[in-house]
Amino acid sequence: MMRWTMPAALLLLAGCGNAEDKAPAPEEKASVAPPPKAAPPAAVGADNDDKTIPAAIRGRWALDAADCAKKPGTDLTALVIDAADLRFHESHGELARVRERDAARIVADYKFSGEGMEWDQSMVLTVEDGGKALVRRDQGEGAAPGAMRYTRCS
């Protein structure tokens, strides 16, 4: 048994060397170009970033316009949207994947959590009436039936 494992171990060790043994020759070093610099990331929330919720959709919305005057936490139908999040009264959705997007509409998947549960939900958010209304349509499994129309609060 030692006869077979020892030569195999020596072959494996022979392939290992220190970094100096494997350094490129001086002429090889001169031909290696430095890696290209990555472009700086776009500002978070920049409207030209196709991985965020469009600026026209962001803001505070409510199904019941009377909730707009209520303080946060008591506004039961409020929906607050920022560059990558949807915040409802008792749940929060993080933007996971943008399927379609333009200046006034987004079709996307969100990862939600709230009330001790987690779920995925696809939805379409569209701004209408010159930015005064938001129409939400849930899609797929667990989708709310029909469209929900929100009023812009701020």
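Now for a quick tour of the structure. Given the structure is predicted, the values throughout are model-derived calculations rather than measurements.

Once that is clear, we can look at the environment of Val127. Position of Val127 relative to the elements: it lies in strand S6 (residues 117-128). It is 9.6 Å that separates the C-alpha atoms of Val127 and Arg152, two residues lying 25 residues apart in sequence.

Moving on to the pairing of strand S7 (residues 133-139). Within S7, 5 of the 7 residues are buried, leaving the element largely enclosed by the surrounding structure. Here S7 runs beside strand S8 (residues 147-152); their pairing, made up of 5 bridges, is antiparallel. Bridging across to S8, Arg137 finds its partner in Ala147.

Before going further, it helps to spend a moment on the side chain of Asp67. Here Asp67 shows up in the loop between strand S1 (59-62) and strand S2 (78-81). Here the side chain of Asp67 touches Thr77 through a polar contact of 2.5 Å, side chain to side chain. Apart from the residues within four sequence positions on either side, Asp67 is in contact with Arg60, Ala62, Asp75, Leu76, Thr77 and Ala78.

On to the pattern of salt bridges. In the structure shown here, the tally under the stated rule is 9 salt bridges. The salt bridge involving Lys70 is made with Asp67; its shortest N-O contact spans 3.0 Å. Exposure remark for Lys70: the relative accessible area of 38% places this residue in the partly exposed category. Arg99 is the salt-bridge partner of Asp109, the closest N and O atoms lying 2.9 Å from each other. Residue Asp109 is located in strand S5 (residues 105-114), and its partner Arg99 is located in strand S4 (residues 92-102); the two are separated by 10 residues in the primary sequence. In this structure Arg99 comes out as partly exposed when scored by relative accessible area, which is 44%. One connected set of salt bridges, linked through shared partners, spans Arg97, Arg99 and Asp109.

What counts and what doesn't
Residues numbered from 1 in each chain as written. Predicted model: local features only at pLDDT ≥ 70, side-chain atom pairs only at ≥ 80, totals over all residues. Heavy atoms only, no water. Helix = DSSP H or I, 4+ residues; strand = E, 2+ residues; numbered from the N terminus. Buried < 20%, exposed > 50% of the residue type's maximum accessible area, 1.4 Å probe, protein only. Pairing = 2+ DSSP bridges. Polar contact = N/O pair within 3.5 Å; in protein donor to acceptor, adjacent residues only side chain to side chain. Contact = heavy atoms within 4.5 Å. Salt bridge = Lys/Arg side-chain N within 4 Å of Asp/Glu carboxyl O.

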